[in-house]
Amino acid sequence: MKKITTLVVAAILCLYLNTVFSQTNTALTVSGTIRNTAGEPLSGASVTNTRTGKGTVTNASGAFTINEVRERDKLRISYIGYAAQTVTANKDNPLNIVLKDATNELDKVVVQAYGTTSQRLATGNIGVVRSEDIAKQPVMNPLQALQGMVPGVVVTNTSGYANGPVKIEIRGRNSINDKFTSDPLYVIDGVPLTILDLMQQDSYQYGSKGTIQSGIQSPANGQSPFFNINPQDIESVEILKDADATALYGSRGANGVILITTKKGKNGKTDADLKLTTGYSQVPRFNKMLNTEQYLAMRREALSNDGLAVNINTAPDLTEWDTTRYTDWQKYLWGGNGKTMDAELSVSGGNAFTSFRVGANYHYQADITASTGSYKRAGLSANINHSSVNNRFKLSLTSLFSKTLSDMRFLPSVLTSPPNAPDVYNKEGKLNFIGWRPLANLYNFGTILRPYNSNTYILNNGLLLSYQLMQGLILKANLGYSNGRTDQFTQVPIASQNPDANPTGNANLGNSFFENYIIEPQVEYSRFIGSGKLTALVGGSLQTNNTKSNVLSGYGYVKDGTMDNIGTAPSIYASNTEVQYKYVAAFGRLNYILKNRYIFNFNFRRDGSSRFGPGHRFGNFGSAGGAWIFSEEKWMHTGLPFISYGKLRGSYGLTGSDPSYDNQYLSRWTYANALYNNIQPLLPNNHTDSTLHWQVNKKTEIALDLGFFKDVISFSASWYSNRCDNQIVPFPTPAFTGFTSVTSNSPANVRNTGWEFMLKGNIINKKLMQWTSSFQIGINRNKLIAYPNLSQSPYASLYVVGQSLNIVKVLHNTGVDPQTGLYTFEDKTGDGKITIDYRGKTVDDRYIIDLSPKFDGCFINNLNFRNWNINLTFYFRKQRQLNDLFSLKAAGGISNQLTDVLKRWQTPGDITTVARFTTNPGSDISYSNFGSSDAVYSDASFIRLQNLFLSYTLPEKLFNGKGIKNCAVFIQGQNLFLLTRYKGIDPEIPGFGNMPMLRVVNLGISAKF
């Protein structure tokens, strides 16, 4: 009986245990819905079973169903831009999951080519500058806000004018041809910003002329199109650098890509944001020039050295001008204070299906120069987002429109005018040409009365349509249109010219116009395969750009009052230029994320360009990238628990470039100015090469990303190597063929290698106080590694194989001969004489100086304490550049000098670096050799307090019931402090006489209603 009882109990126990075991291992089907905190469904979110690695993606309504789940399995929910969650599976109720916005920088949205990603999952190198970083900087041009913010991106202001071009170089110079810019591809809300170089005036040194393509010169040497874009309208700027990030843009991504995304409407009640700012600007530094007493002493000493008497013929500045007058011409020209006023207003809101944002802005900035001048910008922005009730169809329309007015003057070249020169105006208030006699040729103030005005309009429209055909399958279309027009008007009135020449007036009217159309259909598919998520993208691109200009000039005006009408000019000249550029492409991307730690990414693109002839128009480009998030490995959690995030990534790929001027492969003709037998003949424009084809960039990168102590500290290091071959350059041809060169491809090869480092830390993270700090630096080395037949090329005198493309060849100045007081130089060849071969055909006495920046970067500190916020940004750069000595003539003539010349040689035996004063520098070749020596190049490294932002947020209790919140008062400062040993005013804008960067200080208030 006992045995039977025991068997029954054992059977019951086994049955119970088997039932429990079966229930535990029974495969469940779990369903649920994923939304954000605003209640919007998240389509395409990933749901992963952490035990099996298998998963699914949500449909258009944010719903999901996942099979083969055991009870108590952990499900990981993730979506780009949101903090991931882990939930426990159960069989009873559907899961309703709400994801919160990501606060960790690794999980925030990062815009990439034709999509979005995050820094955690990216296999490419994408730098990000967000709206909060841009808003703290008092700049008119948003490109200026990028300076130092992303390692490997060198941003240089080409002038001190607010509307001047801004040069950007990503990871060094690729093209040998110095007529090609280093500009990356700019894409604004999916629409590429393309402006063709109509007049072939762009250059590597000064960048693109931008919106000015008429050929009429502007005081700022061009105008940046981004001068028309309000920085406060920008949500983020992504900089794509390596092959993995840029390959999907194919030939347009050779110099990198900059994606600009503007602010969008969000679900929620309607809010209004208001921001008002006012401030001033000024030149922060001036050169130390000779005063009147020192100048007169210099002149007399120079005349004595040359054995000349002081009289009206040799020294009218000493005999005819008032020797007691003193004018600091720098302060006369630049000594004013500019005024700034800025107003921003935006309204945004929406519901679960439709959201919107509209904004308006106005900016006014008065110039600091002696002549009148100002900049005005008014703009409108609008965005509407809509989705259908079932969330399958989505629409996003973004539009930007702005108008700028620039009232400028060409600055007169007067900084070296004698300090005792007469007044600029006579007693009648007219230009004082007569008062400067007999040195009226030095009177360059006529430009004060020569107005330059430009009006620029820019419109940018982007429309993104998408429809989810089935779960994981989305059809997309990106449609874009942009255009811009710049109208220029300049005058040279009779009143601005020396009356002794019996002058006539002239006027110029020009306009430049560009427009871009782009159509990009796309298909995206995502699903889980095995233990990973596969995302595939296929698409095409069709772009057309039209750029044209017209110029109308009137000459021979005898009355200034009639110059506003070109039609009244006795002589009229008209011209127009127009170029069309077409571009077509097919592209694809394949991305696979295995077990949330192994990432594989492949890109392919086939491009066609109208710049090349039949048989050479198409090129194939692509990349392969991979990443291993080793911090997700189990052994990392136990072995190195202090490493919260670790990723090793790498990429290799090809991108192309078609920087050639348009239609170089075609025979082009132009009408001759003169008639032949009463017939206007046609003349050829150029030699042609029908085999002209793509430049090719081969890019390699290896990088390590680390996070420590729950990402309190993060570190990133990247190494890259980029090589560009098939260089498009001019080949010399005999002049008797009609032209001296033909544009073609050369096997010349340029390499850029470098390191980029970034270190960030949350030093203090308390309730009442937060302190974050970041340091970043980019180091690039440029080298010409091959150039067959360089000695026969137009660049024989400029480049050397094995050296940077940014070199200059100079003599080595060894000082001044103590006996003669003349400059001396090293005889490098040892032949007993100093020789310079400007053709580059023979060995001479010159050495090489590399003007490429050695490194640049920034150091940022952000401190929050209660209602206070302070942000300090220091920008630094290591470089060598031309100093102010290059632009100054030999000391002793009728031209003022830097006070450095007071250290000149005077008597035999003097040891100094400044030669004897002379009125005739042509008397000895050493004076001209000085301008071709290393003496005119100096260390131009600097550390600049680029930006200071201090704000105080008023307590909300002050506005209870008044509908006002987040009200803050703030002060902004730019270029407040400069530490440098540079021999000049501003090492970023080298060269004597160039307007330096201004110091800007603004006060403002912002509020939300």
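- Going by the annotation in an unreviewed UniProt entry, the name recorded for the protein chain is SusC/RagA family TonB-linked outer membrane protein, with Niabella pedocola given as the source organism.
- Within the UniProt record for the protein chain, the comment given under Sequence similarities (unreviewed entry) is "Belongs to the TonB-dependent receptor family."
- Word for word, the UniProt comment on the protein chain under Subcellular location (unreviewed entry) is "Cell outer membrane".

1. Remarks on the overall build of the protein chain
Part 1 of the argument: A tally of regular secondary structure across the protein chain gives eight helices and 48 strands.
Part 2 of the argument: Computed over its C-alpha atoms, the radius of gyration of the protein chain comes to 33 Å, within 12% of the 30 Å expected for a compact globule of 1009 residues.
Part 3 of the argument: Each principal axis of the C-alpha atoms in the protein chain carries an extent, and together these give about 145 × 70 × 65 Å.
Part 4 of the argument: A buried classification covers 52% of the 1009 residues belonging to the protein chain.
Part 5 of the argument: In the form shown here, the protein chain has an accessible surface area of approximately 44,400 Å², with 57% of it arising from carbon and sulfur atoms.
Part 6 of the argument: Distance between charge centroids for the protein chain: 9 Å, based on 96 positive and 73 negative side chains.

2. Concerning the pairing of strand 2 (residues 46-49)
Part 1 of the argument: Neither face of strand 2 is left uncovered, since the one carrying Ser46 and Thr48 and the one carrying Val47 and Asn49 both have all their residues buried.
Part 2 of the argument: In this structure, strand 2 lies alongside strand 3 (residues 55-57), joined through three bridges in antiparallel fashion. Bridging from a neighbouring strand, Thr48 pairs with Gly55 of strand 3.
Part 3 of the argument: The turn joining strand 2 and strand 3, which pair antiparallel and follow one another in sequence, is formed by five residues; a positive phi near 80° is taken by Gly53.
Part 4 of the argument: With four bridges connecting them, strand 2 and strand 5 (residues 74-78) associate as antiparallel partners. Among the inter-strand pairings, Thr48 is bridged to a residue of strand 5, identified as Arg76.

3. Observations concerning empty space enclosed by the protein
Part 1 of the argument: A complete count under the given rule lists 10 cavities of 30 Å³ or more for this structure.
Part 2 of the argument: Approximately 400 Å³ is the volume attributed to the largest cavity.
Part 3 of the argument: Around the largest cavity, the lining comprises 28 residues; the ones closest to its centre are Pro138, Val139, Met140, Gln365 and Gln974.
Part 4 of the argument: Within the residue set of the lining of the largest cavity, elements represented by two or more residues are strand 17 (268-282), strand 18 (338-350), strand 19 (354-366), strand 47 (965-980) and strand 48 (999-1008).
Part 5 of the argument: Considering only residue class, the lining of the largest cavity consists of 10 nonpolar, 14 polar and four charged.

4. A closer look at the pairing of strand 15 (residues 234-240)
Side-chain positions along a regular strand alternate between the two faces of the sheet.
Part 1 of the argument: Counting buried positions along strand 15 yields six of seven residues, so the element is predominantly enclosed.
Part 2 of the argument: Across six bridges, strand 15 lies against strand 16 (residues 257-262) in antiparallel orientation. By the bridge assignment, Ser236 is partnered in strand 16 with Thr261.

5. Here we look at a nonpolar patch on the surface
Part 1 of the argument: On the surface, Leu640, Phe642, Phe709, Val712, Ile713, Leu759, Phe775 and Phe859 cluster together to form a nonpolar patch covering roughly 650 Å² of accessible area.
Part 2 of the argument: The residue Leu640 is located in the loop between helix 7 (634-639) and strand 29 (643-657) in this model.
Part 3 of the argument: Assessed through its relative accessible area of 33%, Leu640 is described here as partly exposed.

6. Considerations on the sheet that holds strand 6 (residues 85-88)
Part 1 of the argument: If you walk across this open sheet you meet the four strands as 3-2-5-6, and the pairing is antiparallel. Looking at strand neighbours, the two that pair on one side only are strand 3 and strand 6, the edges of this open sheet. Ignoring strand direction, the axes of neighbouring strands in this sheet form an average angle of 20°.

7. Quick look at the nonpolar core
Part 1 of the argument: If you look at the biggest cluster of nonpolar residues, it comprises 34 residues, and the most contacted ones within it are Tyr161, Trp334, Tyr375, Trp436, Tyr443 and Phe445.
Part 2 of the argument: With three residues, the top contributor of residues to this core is helix 6 (residues 329-334).
Part 3 of the argument: Not counting residues up to four positions away in its chain, the partners in contact with Tyr161 are Pro219, Ala220, Tyr375, Met408, Arg409, Leu411 and Met995.

8. Details of the domain arrangement of the protein chain
Part 1 of the argument: Looking at the protein chain, the domain boundaries give domain 1 (2-102) and domain 2 (126-264).
Part 2 of the argument: The distance between the C-alpha centroids of domain 1 and domain 2 comes to 49 Å.

9. Focus: helix 4 (residues 292-305)
Part 1 of the argument: The end-to-end C-alpha distance of helix 4, which contains 14 residues, comes to 20 Å, matching closely the 20 Å that a straight helix rising 1.5 Å per residue would cover.
Part 2 of the argument: By the burial criterion, the buried members of helix 4 are Thr292, Tyr295, Leu296, Met298, Arg299, Glu301, Ala302 and Leu303.
Part 3 of the argument: The inward-facing, buried residues of helix 4 abut helix 5 (316-319).
Part 4 of the argument: Two to three positions downstream of the cap, the backbone nitrogen of Glu293 sits 3.2 Å from a side-chain oxygen, assigning the N-cap of helix 4 to Asn291.
Part 5 of the argument: Positive backbone phi, approximately 70°, marks Gly307, located one or two places after helix 4.

10. Observations regarding the sheet that holds strand 16
Part 1 of the argument: Read from one edge to the other, the open sheet built from five strands follows the order 10-15-16-13-14, with strand pairing classed as mixed. Each edge of the open sheet is held by one strand with a lone partner, namely strand 10 (126-130) and strand 14 (191-193). Neighbour to neighbour, the strand axes of the sheet diverge by 25° on average, direction disregarded.

11. A few points about the pattern of salt bridges
When their charged atoms lie close together, side chains carrying opposite charge are able to pair.
Part 1 of the argument: Taken as a whole and judged by the stated rule, the model has 31 salt bridges.
Part 2 of the argument: Asp487 is the partner of Arg485 in a salt bridge, and the nearest nitrogen-oxygen pair spans 2.8 Å.
Part 3 of the argument: Accessibility expressed as a relative area gives 38% for Arg485, which makes it partly exposed.
Part 4 of the argument: Asp986 serves as the salt-bridge partner of Arg944, at 3.1 Å between the closest nitrogen and oxygen. Taken together, the residues Arg944 in strand 46 (residues 942-953) and Asp986 in the loop between strand 47 and strand 48 connect sequence positions 42 residues apart. An identical accessibility class is assigned to Arg944 and Asp986; each is buried.

12. Some details on the side chain of Ser388
Part 1 of the argument: Mapped onto the elements, Ser388 comes out in the loop between strand 20 (374-387) and strand 21 (393-408).
Part 2 of the argument: Taking the relative accessible area as the measure of exposure, Ser388 reaches 18% and is therefore buried.
Part 3 of the argument: In this view, Ser388 contacts Phe353 and Phe393; residues no more than four positions away in its chain are not counted.

13. Some details on the packing of aromatic side chains
Part 1 of the argument: Summed over all chains, the structure comprises 31 aromatic pairs.
Part 2 of the argument: For the pair Phe642 and Phe709, a centre-to-centre distance of 6.2 Å together with 35° between the ring planes defines the contact as tilted. Of this pair, Phe642 sits in the loop between helix 7 and strand 29 while Phe709 sits in the loop between strand 32 (695-708) and strand 33 (713-725), and the two are 67 residues apart along the sequence.
Part 3 of the argument: By relative accessible area, Phe642 is classed as partly exposed at 37%.
Part 4 of the argument: With a centroid separation of 4.1 Å and 20° between ring planes, the pair formed by Tyr823 and Phe930 is classed as stacked. Taken together, the residues span a long stretch of sequence, with Tyr823 in strand 40 (residues 823-825) and Phe930 in helix 8 (residues 925-930) at a distance of 107 residues. Comparing Tyr823 with Phe930 shows no difference in burial state: the two are buried.
Part 5 of the argument: Three or more aromatic residues joined by ring pairs form one cluster here, namely Trp321, Trp329, Tyr332, Phe433, Trp436, Tyr443 and Phe445.
Part 6 of the argument: For Lys331, the ring lying beneath its charged end belongs to Phe286, and the centroid distance is 5.7 Å.

What counts and how
- Residues numbered from 1 in each chain as written.
- Predicted model: local features only at pLDDT ≥ 70, side-chain atom pairs only at ≥ 80, totals over all residues.
- Heavy atoms only, no water.
- UniProt positions renumbered as here; feature names shortened; annotations may be inferred.
- Helix = DSSP H or I, 4+ residues; strand = E, 2+ residues; numbered from the N terminus.
- Rg over C-alpha atoms; globule rule 2.2 N^0.38 Å.
- Buried < 20%, exposed > 50% of the residue type's maximum accessible area, 1.4 Å probe, protein only.
- Areas by Shrake-Rupley, 256 points an atom, 1.4 Å probe, with all protein chains shown as cover.
- Lys, Arg positive; Asp, Glu negative; His and termini not counted.
- Charge placed at Lys NZ, Arg CZ, Asp CG, Glu CD.
- Pairing = 2+ DSSP bridges.
- 1 Å grid on protein atoms, 1.4 Å probe; cavity = no way out; pocket = protein on both sides within 12 Å on 5 of 7 lines; lining within 4 Å.
- Points joined across faces, edges and corners; volume = space filled by probe spheres on them.
- Nonpolar A, V, L, I, M, F, W, Y, C, P; charged D, E, K, R; others polar.
- Patch = residues over 30% accessible without salt bridge, like charges linked within 9 Å, V, L, I, M, F, W, Y side chains within 5 Å.
- Salt bridge = Lys/Arg side-chain N within 4 Å of Asp/Glu carboxyl O.
- Axes fitted to C-alpha atoms, helices over the stretch in contact; angles between N-to-C directions.
- Core = buried A, V, L, I, M, F, W, Y, C linked by side-chain atoms within 4.5 Å.
- Contact = heavy atoms within 4.5 Å.
- Domains from an automatic or database assignment.
- Expected span 1.5 Å × (residues − 1).
- Polar contact = N/O pair within 3.5 Å; in protein donor to acceptor, adjacent residues only side chain to side chain.
- Phe/Tyr/Trp six-rings, centres within 6.5 Å; stacked < 30°, edge-to-face > 60°.
- Lys NZ or Arg CZ within 6 Å of the ring centre and 35° of its normal.

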